[in-house]
Amino acid sequence: MLRRRRERDPLEHVRPELAPARWRGAVDRALAHRAQFTAVRDRLGHGPFRDRLGELAERVDAGVLATWDLVGRADVAERTVASLDPRRAMDELKAARRRLAAATDAGRDTGGLTEQVEALAQRHASVQRLQNSVEDVDGRLRLLDARLGAVVARAAELAAGAGRTDGLDRALVELDETTHELEATRRAFEELGP
């Protein structure tokens, strides 16, 4: 007897319990949208619309994977920021600037102090860019969540016969745009991160 081979789930490694607490909700919601999309598709009888939703499931999966990847990178970046101690970086920069100003006012040689301030300013700027990237993640994840939800709702609406398929295409274009934005954020983390 031939058994039908089960396809491997491309998202089996996406497990919310492995995500950091701060980001776990985003992973949960992305997987919930995927489950809703799959349920809508599976309730349909065989036919072209179900086939179309089956093709589009890969794009929903791409949105979930983008969420998972971004959450992992944001966690690493967040821990890196904490280890770099942004408050200390700022305090040291301010103190060096005060020493430079005092030396300048007193007419002393400021060569070494100037170089120190420049180095501390570069360090502070790097820490700030990394910190800003982490803070930007929340907004990007909320946008992806909203767009995944829109795709699911539109698919459900169309499955119920209440709309035209161009709305689904529009929602998927927006989902693709957000996925590309998250990919750009991921690349930015690669450039900034350790």
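Residues numbered from 1 in each chain as written. Predicted model: local features only at pLDDT ≥ 70, side-chain atom pairs only at ≥ 80, totals over all residues. Heavy atoms only, no water.

Q: Even after reading the chapter, I still don't get the overall build of the chain, so can you show me in this structure?
A: The number of helices and strands found in the chain is five helices and zero strands. In the chain, the order of α-helices and β-strands from amino to carboxyl end is α-α-α-α-α. By the burial criterion, 35% of the 194 residues in the chain qualify as buried. Taking as baseline every contact in the chain between residues at least 6 positions apart, the subset at least 24 positions apart corresponds to 75%. Of the roughly 11,800 Å² of accessible surface on the chain, a fraction of 50% belongs to carbon and sulfur atoms. (Helix = DSSP H or I, 4+ residues; strand = E, 2+ residues; numbered from the N terminus. Buried < 20%, exposed > 50% of the residue type's maximum accessible area, 1.4 Å probe, protein only. Contact = heavy atoms within 4.5 Å. Areas by Shrake-Rupley, 256 points an atom, 1.4 Å probe, with all protein chains shown as cover.)

Q: Where do I start with the pattern of salt bridges in this structure?
A: Throughout the structure, instances matching the rule amount to 15 salt bridges. Between glutamate 92 and arginine 88 there is a salt bridge whose closest N-O contact spans 2.7 Å. One end of the pair is glutamate 92 and the other is arginine 88, both in helix 3 (residues 86-106) and four residues apart, which spans about a single turn. One connected set of salt bridges, linked through shared partners, spans Asp9, Arg34 and Asp61. (Salt bridge = Lys/Arg side-chain N within 4 Å of Asp/Glu carboxyl O.)

Q: Would you take a moment to explain helix 4 (residues 111-159) for this structure?
A: Residues spaced three or four apart along an α-helix point in a common direction, a consequence of the helix completing one turn every 3.6 residues. In this model, helix 4 (49 residues) spans 72 Å end to end at C-alpha, consistent with the 72 Å of a helix rising 1.5 Å per residue. In the structure, helix 4 departs most strongly from a straight axis at valine 137, where the bend amounts to approximately 25 degrees. (Expected span 1.5 Å × (residues − 1). Bend = angle between axes of the 7 residues up to and from the residue.)

Q: How do you make sense of a positive patch on the surface when you look at a structure like this?
A: There is a patch of like positive charges on the surface, built from Arg87, Lys94, Arg98 and Arg99. By secondary structure assignment, the location of lysine 94 is in helix 3. (Patch = residues over 30% accessible without salt bridge, like charges linked within 9 Å, V, L, I, M, F, W, Y side chains within 5 Å. Lys, Arg positive; Asp, Glu negative; His and termini not counted. Charge placed at Lys NZ, Arg CZ, Asp CG, Glu CD.)

Q: Sorry if this is basic, but what is going on with the environment of alanine 160 here?
A: One can find alanine 160 in the loop between helix 4 and helix 5 (165-192). Distance in space between the C-alpha atoms of alanine 160 and valine 40 is 9.4 Å, their sequence separation being 120 residues.

Q: What is the right way to read the packing of helix 1 (residues 21-43) against helix 4 from this model?
A: Two numbers describe a pair of packed helices, the interaxial angle and the distance between the axes. Interhelical geometry of helix 1 versus helix 4 gives an angle of 15 degrees and a closest axis separation of 9 Å. As judged from the angle between their axes, helix 1 and helix 4 are roughly parallel. For the pair helix 1 and helix 4, the crossing hand works out as left-handed. Contacts between helix 1 and helix 4 involve Arg22, Trp23, Ala26, Arg29, Ala30, His33, Gln36, Phe37 and Val40 from the former and Val134, Val137, Asp138, Leu141, Asp145, Leu148, Gly149, Val151, Val152, Ala155, Ala156 and Ala159 from the latter. Across the contact of helix 1 with helix 4, the residue classes break down as 14 nonpolar, three polar and four charged. (Axes fitted to C-alpha atoms, helices over the stretch in contact; angles between N-to-C directions. Parallel < 35°, antiparallel > 145°, perpendicular 65-115°, else oblique. Left-handed = near helix turned anticlockwise from the far one by under 90°. Nonpolar A, V, L, I, M, F, W, Y, C, P; charged D, E, K, R; others polar.)

Q: In this structure, what is going on with the confidence of the model for the chain? I would like to understand it.
A: It should be kept in mind that the predicted coordinates are not to be read in detail where pLDDT is low. The predicted model of the chain has a mean per-residue pLDDT of 84, with 86% of residues at 70 or higher. Within the chain, no element has a lower average pLDDT than helix 5, which sits at 68, and none a higher one than helix 3, at 95. (pLDDT = per-residue confidence, 0-100.)

Q: Help me understand helix 3 in this model?
A: The end-to-end C-alpha distance of helix 3, which contains 21 residues, comes to 30 Å, matching closely the 30 Å that a straight helix rising 1.5 Å per residue would cover. Where helix 3 terminates, the next one or two residues include glycine 107, which has phi positive at roughly 75 degrees.

Q: Just checking my understanding: could you explain the packing of helix 2 (residues 48-84) against helix 4 for this structure?
A: Their axes nearest at 9 Å, the elements helix 2 and helix 4 cross at an angle of 160 degrees. For the element pair helix 2 / helix 4, the angle class is roughly antiparallel. The way helix 2 lies across helix 4 gives a crossing that is left-handed. Its residues assigned to classes, the contact of helix 2 with helix 4 comprises 20 nonpolar, four polar and two charged.

Q: What should I look at first to understand the nonpolar core in this one?
A: Side chains of a nonpolar character, in soluble globular proteins, are inclined to be buried together. Ranked by size, the top nonpolar core spans 30 residues in total, and within it Trp23, Phe37, Leu53 and Leu141 carry the most contacts. Listing elements by their share of this core, those giving two or more residues are helix 1, helix 2 and helix 4. Once residues lying within four places of it in the same chain are set aside, the contact partners of leucine 141 are Trp23, Ala26, Thr67, Leu70 and Val71. Core analysis: the second largest hydrophobic core is formed by seven residues, Ala103, Leu113, Val117 and Leu120 among them. (Core = buried A, V, L, I, M, F, W, Y, C linked by side-chain atoms within 4.5 Å.)

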